[in-house]
Amino acid sequence: LDTHILVYFSGYFTFTGGKDRRSGLILTIPLCTEQTSMEELSSTLDYLLGIPSDKCKARGFTVIVDGRKSQWNIVKTVVLMLQNVIPAEVSLVCVVKPDEFWDKKVTHFCFWKEKDRLGFEVILVSANKLTRYIEPCQLTDEFGGSLVYDHMDWVNKRLVFEKFTKESTSLLDELVVINESEKSNQLDKERPPDCNFLPSLDPETVLQTGHELLSELQQRRFNGSEGGGVAWSPMDDELLAQPQVMKLLDSLREQYTKYQEVCRQRSKRSQLEEIQTKVMQVVNWLEGPGTEQLRTQWGIGDSIRASQALQQKHEEMESQHSEWFAVYVELNQQIAALLSAGDEEDLVELKGLQQQLSDVCYRQASQLESRQNVLQSAHEFHGTAQDLSQQLDGLLGMLCADVAPTDGAAIQQTLKHLEEKLKSVEGALAGLREKGQVVIDQMSNQTTWSYGKEVPIENKEDIDHIQGVMEDMQLRKQRCEDMVDVRRLKMLQMVQLFKCEEDASQVSLWAFPSSSLPCKPHTCTHIRLGDDAQETKALLEKHKKFVDVAQSTYDYGRQLLQATVVLCQSLRCTTRSSGDTLPRLNRVWKQFTVTSEERVHRLEMACSFHTAAEKVEQGDLPVEMEQETYEEVEMVGKTLLDRLTVPVIFPDGSEQYFGSPGDMASSAVHIRDKMKLVEDRKLTLPFSCQTALFDYKQCILYFPTVVFLPPQYLQV
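Residues numbered from 1 in each chain as written. Predicted model: local features only at pLDDT ≥ 70, side-chain atom pairs only at ≥ 80, totals over all residues. Heavy atoms only, no water.

Labelled according to an unreviewed UniProt entry, the chain appears under the name SEC14 and spectrin domains 1, originating from Hucho hucho. Per UniProt, the chain has the following entry under Sequence similarities (unreviewed entry): "Belongs to the SOLO family." (UniProt positions renumbered as here; feature names shortened; annotations may be inferred.)

As structure tokens, then:
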């Protein structure tokens, strides 16, 4: 083809698209002065004659041999070659002669002589007379016609057509072979597919070229000029270019569609094989090195630091697994995509791969999570154990320290602090037991995958360690709890000691006869003697009750002081106040007793005074008793007045007055008023009684040792 096109391109033959008057194609042969190879001319002519259809060939050809630039012998050779190649197809040969160059007689005679042998008519004609045989519109401008023809454009389009024809034919053959081979592979599945057998040309490119060529042909511009002018097709519908291109395109599309399906099947098969390979890589690693890593790292450590180190190793192991899990996610997505668009024959295999991959990954992820949970629980357990140990150490330090409280409030605060510490320890121990049990349960349920089945992991040593830690903490807590009980008892005794000391001090302060102490209002300040006998008796009764209360308080104070001594002996400490409190309490009690007795005497005298005075005031006494009653009132009143002015003398020689001088003066005034009333009453008695009383008193006054009156007289 290349040789023909090159020769044709050089100008040997030309199908200009013109037609003779019989509608036969016009073949133009431009000759030159250079020597022309007959073999090339013959090959080119064979190629060109293969382009028109049989119908077109049946109408014959008109050949224009342009010999104006050539020699006669070459023209003759070309004419004879036409006789040898296409005698039946050639109907007329027009030899365009140069002006006055050849011998007309010779040349005419020669062609005429061999007319019968040639089989077609040969005429010699000049270029300006060629229109006698062919219409001017069917001749190009070089022969005086008006037919538009672009030889280079025709050559280029023909090259495209020939290239497409060659490539499409070759591509079709290759696609047929590939499709048939793929069909055979599907029938014989044990036969390994030839995945490297690919077409040598790109089907898309060839199809695009064919569509562009077909578009040109359909627009009747296969050999036309694109620069304007009349649209021109040298072969028109008589040439088979358009049907050939359409036929090739149809065949090519059909085979290319099959090839695309083959490629899709190949891609799916390749993708499936790649997925199988990656799945097996993931499965083999997870069941091999991954499982081995988990099998060799099941400890929990014996401290929080060791647990942290194991957690760090586990994180590194998880990082390695994460890379494979990422591959698993990608593979799972690819498998899901294939399942949604896959064939029924691939569904079972894909689902099997997906299930196998999911089982292995989920099992490995579950073991990783279980391991992570165990390490996290162990870390929390060791952390709680460490905190509990520190709390127990702090509590033990408090219990071992000496207690030197200053008062009961400080003891109560210390005791409260101890109780809070102990409660915190109990809570931490309960949390430790809970976390320890969680770790034990998780470790008891741990399994590993070996030889296609789950195998329990032996964790007896770690479980024994957890239980040992919990038992040790329980024993330490029990020891601290016992020590807290002892310390609590001691502190309670100290609180009782301080309470006893405080109460004993209060007893002493209550009864101390100082002007600034609470006992003064009850003893030294009780100076009222009452306005009458009834009130005085009430005051006396109230005083007796007060004395009873004081006696009970004194006895309670002595008991407290005795308990203080016992507590000090039990606590092996010295009391702060019991050494001087008991002597002070005894001293105060003696002072209180003297004061109380003086108060009783005064109240009793006041009661006698008011009783006698009231009898006199009532005036219902017998005459013989009135004088005696008057004397009694006068005598008791004076005695009472005298006693009010006398202080109380304590055993230690100190003195104490009842109330202020003003208070005593008020009581004395009341007594004197009573005595004056009695004296006034006495003056109202009959004269005889007064004389008798006067004589009797005079006798006693002037003859105290001489006159002895008989009892009868005294009674009268």
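To continue, consider the packing of aromatic side chains. In total, this model carries five aromatic pairs according to the counting rule given. A centroid spacing of 6.3 Å and a plane angle of 75° characterise the contact between tyrosine 328 and tyrosine 362, whose relative ring orientation is edge-to-face. On the criterion of sequence distance, the pair formed by tyrosine 328 in helix α10 (residues 304–341) and tyrosine 362 in helix α11 (residues 344–400) is long-range, its members being 34 residues apart. The exposure class assigned to tyrosine 328 is buried, which follows from its relative accessible area of 10%. Their ring planes at 25° and their centres at 5.4 Å tell us that tryptophan 589 and phenylalanine 592 sit as a pair that is stacked. With tryptophan 589 and phenylalanine 592 both in helix α15 (residues 578–618) and three residues apart, this pair spans about one turn of that helix. Classification of tryptophan 589 by relative accessible area gives buried; the value is 15%. (Phe/Tyr/Trp six-rings, centres within 6.5 Å; stacked < 30°, edge-to-face > 60°. Helix = DSSP H or I, 4+ residues; strand = E, 2+ residues; numbered from the N terminus. Buried < 20%, exposed > 50% of the residue type's maximum accessible area, 1.4 Å probe, protein only.)

Between its first and last C-alpha, helix α4 (residues 72–85) extends 20 Å over 14 residues, near the 20 Å set by a 1.5 Å rise per residue. Trp72, Ile74, Val75, Val78, Val79, Met81, Leu82 and Gln83 are the residues of α4 that are buried. (Expected span 1.5 Å × (residues − 1).)

With that settled, consider the state of the cysteines. With the rule as written, the count across this model stands at zero disulfides. Free cysteine cysteine 400: the closest other cysteine sulfur is in cysteine 480, separated by 8.3 Å. (Disulfide = S-S within 2.5 Å.)

Pairing within the open sheet is mixed, and its five strands lie in the order β1-β2-β3-β4-β5. Of all the strands in the sheet, just β1 (14–19) and β5 (121–125) have a single pairing partner and so form its edges. Sheet twist, expressed as the average angle between the axes of neighbouring strands with direction ignored, equals 25°. Of the pairings in the sheet, the one linking strand β3 (residues 61–66) to strand β4 (residues 90–96) comprises six bridges and is parallel in character. Note that in β4 the partner of valine 63 across the bridge is valine 93. On top of the sheet, α4 reaches β2 (25–30), β3, β4 and β5; it is set at about 170° to β4, its chief contact. (Pairing = 2+ DSSP bridges. Axes fitted to C-alpha atoms, helices over the stretch in contact; angles between N-to-C directions. Contact = heavy atoms within 4.5 Å.)

Glancing now at unusual backbone geometry. Glycine aside, a negative phi is what most residues show, and trans is what most peptide bonds show. Here the phi dihedral of serine 23 falls at roughly 70°; this positive angle occurs in a residue that is not glycine. Within the secondary structure, serine 23 sits in the loop between β1 and β2.

It is worth spelling out the confidence of the model for the chain at this point. Any region with low pLDDT has predicted coordinates that should not be read closely. Scored by pLDDT, the chain comes out at a mean of 75, with 76% of its residues at no less than 70. Taken together, the stretch residues 221–235 has pLDDT below 50 and engages in 42 contacts with residues farther than four places along the chain or on a different chain. (pLDDT = per-residue confidence, 0-100.)

Looking at the element boundaries, leucine 49 is found in helix α2 (residues 38–49). For leucine 49, a relative accessible area of 8% gives the class buried. Residues leucine 49 and leucine 27 lie 22 residues apart in sequence; the distance between their C-alpha atoms is 9.7 Å. Leave out the neighbours within four places in its chain, and leucine 49 touches Lys57, Phe61, Val85 and Ile86.

Turning to the pattern of salt bridges, a few remarks are in order. Per the counting criterion, the structure on display carries 15 salt bridges. The partner of aspartate 66 in a salt bridge is arginine 68, with the nearest N and O atoms 2.8 Å apart. The exposure class assigned to aspartate 66 is buried, which follows from its relative accessible area of 10%. As a salt-bridge pair, arginine 264 and glutamate 261 come within 2.5 Å of each other at their nearest N and O atoms. (Salt bridge = Lys/Arg side-chain N within 4 Å of Asp/Glu carboxyl O.)

Moving on, we get to α10. Between its first and last C-alpha, α10 extends 53 Å over 38 residues, near the 56 Å set by a 1.5 Å rise per residue. Residues of α10 that are buried include every one of Ser307, Gln311, His314, Met317, His321, Phe325, Tyr328, Leu331, Ile335 and Leu338, and no others.

Turning our eyes to something else, we now look at the nonpolar core. Core analysis: the biggest nonpolar cluster contains 31 residues, and Ile300, Phe381, Leu388, Leu395, Leu432, Ile466 and Met473 have the highest contact counts within it. Mapped by element, the contributors of at least two residues to this core are α11, α12 (408–444) and α13 (460–511). Ignoring any residue separated from it by four or fewer positions in sequence, one finds leucine 432 in contact with Phe381, Thr384, Ala385, Leu388, Met470 and Met473. Core analysis: the next-biggest nonpolar cluster, separate from the first, contains 30 residues, Val63, Ile86, Val95 and Trp154 among them. (Core = buried A, V, L, I, M, F, W, Y, C linked by side-chain atoms within 4.5 Å.)

All right, on to the packing of α2 against α4 then. One can describe the packing of α2 onto α4 by two numbers: an axis separation of 11 Å at closest approach and a directional angle of 45°. With respect to α4, the axis of α2 lies oblique. As α2 runs across α4, the sense of the crossing is right-handed. Two secondary-structure elements touch here, α2 through Met38, Leu41, Ser42, Leu45, Asp46 and Leu49 and α4 through Thr77, Val78, Met81, Leu82 and Val85. (Parallel < 35°, antiparallel > 145°, perpendicular 65-115°, else oblique. Left-handed = near helix turned anticlockwise from the far one by under 90°.)

Looking at the element boundaries, glutamine 255 is found in helix α9 (residues 241–296). In contact with glutamine 255, other than residues within four places in its own chain, are Leu172, Leu175, Val176 and Asn179.

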